[in-house]
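# Structural characterization, general
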Amino acid sequence: MKLGIIGSGMIVQDLLSFVDTIEEINLIAILGRKKSQEKIEALTNKYQIKKTYYNYDDLLNDDEIDTVYVALPNHLHYEYTKKALLHNKHVICEKPFTSNIDELDELITLSKERKCLLFEAITNQYLPTYKNIKDRLSELGKISLISCNYSQYSSRYNAFKKGEILPVFDINMSGGALMDLNVYNLHFVIGLFGKPENVEYFANIERGIDTSGIIILEYPTFKAVCIGAKDCAAPISSTIQGDLGCIKIEGPTSVLSDVKIIKNDKINESIEVNSNNHRMYDEFKNISKYIDNRDFNTCDLMLEHSKIVMDVLTKARKSANIIFGCEKDAK
Ligand SMILES: NC(=O)c1ccc[n+]([C@@H]2O[C@H](COP(=O)([O-])OP(=O)(O)OC[C@H]3O[C@@H](n4cnc5c(N)ncnc54)[C@H](OP(=O)(O)O)[C@@H]3O)[C@@H](O)[C@H]2O)c1
């Protein structure tokens, strides 16, 4: 995979810290804003990136690049992904995929027209531990309850309280606790149990944006609660409860680094977790292989999953009356 990176923020710097350990990835270029030239130059020097672009069209016209990784604020995912597909590039787009389901539907249709592969960068779906959890679910018996809590006090919330609105809390940039953190819980639950019958979001809203909130997902025979908070903290953990036992995950559903299965008969066992790889390693390793092999079947399966999550996100926000800037324009 011949990669062009779009953006130079926190998540890009995470990727750069280990990308050279994935043999399938040939990092060709990075795109930055002129105003951040110093930062871009420091990154290109540190990580030996071959080319630097400050204009998106120039990067998209580079034939050496076959795939772009869109790692920009949420509201730009749709526009940058669409433009890349129109240039016949494969795309890996950061989570949340888009601002709503209509945008995602359009991108998926376009990707098929262009015969391009399109993936959402969502760590948990690619972690070996996730598959291990899936394989052990039947040992829990009849599932009754799932509870996932990803609450992390954000330093950016201090700025928000003072009136400085950074992207993650910006209604015009598709921010909020649901899009930033609770989205991992939704991917986690939906990847294991599929599409829920009903969705409702009870959100704490300040300045029009959810700073924290609780989603209830109703399945025919069990219920799931997903909590995401950026305005308060709690020990981050999740449980899947059945009549024979439960699976307990310490830490966020984006990482899955500490997982136990606890049976009613008191047998307590750790579920095998990934090696010490970076949490994004498996996601990029696998996606680069799918792209190199033009694996459209796996791409379709992953898109089906992402679509359900985006549909739930869209319904959840509607139920809490959270309307993004781009959606106000569309009305
Ligand atoms: N941080 C994480 O741990 C994490 C984890 C998983 C996923 N993500 C996802 O990754 C995406 C980026 O998050 P981040 O934490 O890396 O954000 P970030 O640190 O704020 O970086 C955002 C990047 O986007 C660029 N940018 C901002 N506004 C732009 C505009 N109008 N036009 C073009 N470029 C613009 C910024 O450029 P400048 O450098 O010039 O300001 C910066 O390079 C988000 O969708 C987020 O949900 C983040």
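Source: prediction; values computed, not measured.

### Section: the site of the ligand
What surrounds the ligand is a group of 19 residues, the closest being S8, S36, K39, N74 and H77. Taking H77, its side chain carries an N or O atom lying 2.9 Å from an oxygen atom of the ligand. Protein coverage of the free-state accessible area of the ligand, which is 900 Å², stands at 77%. When grouped by side-chain class, the residues that make up the shell around the ligand number eight nonpolar, six polar and five charged.

### Considerations on helix α9 (residues 281–292)
Its 12 residues give α9 an end-to-end C-alpha distance of 17 Å, which sits within 8% of 16 Å, the value for a rise of 1.5 Å per residue. Within α9, 10 of the 12 residues are buried, which leaves it mostly tucked inside the rest of the structure. Along α9, the residues that are buried comprise Y281, D282, E283, F284, K285, N286, I287, S288, Y290 and I291. The first or second residue beyond α9 is R294, which carries a positive phi of 50 degrees.

### A short note on the sheet that holds strand β2 (residues 26–31)
Across the sheet, six strands lie side by side as β3-β2-β1-β4-β5-β6; this open sheet has parallel pairing. Each edge of the open sheet carries a strand with a single partner, namely β3 (51–53) and β6 (118–121). Neighbour-to-neighbour, the strand axes of the sheet open up by a mean angle of 20 degrees, direction not taken into account. One ladder, built from four bridges, connects strand β4 (residues 67–70) with strand β5 (residues 90–94); its direction is parallel. Following the sheet pairing, T67 is matched in β5 by H90. Lying over the sheet, helix α4 (residues 77–86) contacts β1 (2–6), β2, β4, β5 and β6, oriented at roughly 170 degrees with respect to β5.

### Quick notes on the UniProt feature "domain: GFO/IDH/MocA-like oxidoreductase" (unreviewed entry) in the chain
UniProt records the feature "domain: GFO/IDH/MocA-like oxidoreductase" (unreviewed entry) at residues 139–245, using the numbering of this structure. Annotation note: span residues 139–245, helix share 22%, strand share 39%, distance between end C-alpha atoms 7 Å.

### Quick word on the packing of aromatic side chains
Enumeration according to the criterion identifies 13 aromatic pairs in this entry. Through successive ring pairs, a cluster of aromatic residues spans Y153, Y157, F160 and F169. Above the ring of Y54, the side-chain terminus of K34 is found at 4.4 Å from the ring centroid. Over the ring of F160 we find R207; its NZ or CZ atom is 5.2 Å from the centre of that ring.

What counts, and at which threshold
Residues numbered from 1 in each chain as written. Predicted model: local features only at pLDDT ≥ 70, side-chain atom pairs only at ≥ 80, totals over all residues. Heavy atoms only, no water. Near = heavy atom within 4 Å. Polar contact = N/O pair within 3.5 Å; in protein donor to acceptor, adjacent residues only side chain to side chain. Areas by Shrake-Rupley, 256 points an atom, 1.4 Å probe, with all protein chains shown as cover. Nonpolar A, V, L, I, M, F, W, Y, C, P; charged D, E, K, R; others polar. Helix = DSSP H or I, 4+ residues; strand = E, 2+ residues; numbered from the N terminus. Expected span 1.5 Å × (residues − 1). Buried < 20%, exposed > 50% of the residue type's maximum accessible area, 1.4 Å probe, protein only. Pairing = 2+ DSSP bridges. Axes fitted to C-alpha atoms, helices over the stretch in contact; angles between N-to-C directions. Contact = heavy atoms within 4.5 Å. UniProt positions renumbered as here; feature names shortened; annotations may be inferred. Phe/Tyr/Trp six-rings, centres within 6.5 Å; stacked < 30°, edge-to-face > 60°. Lys NZ or Arg CZ within 6 Å of the ring centre and 35° of its normal.

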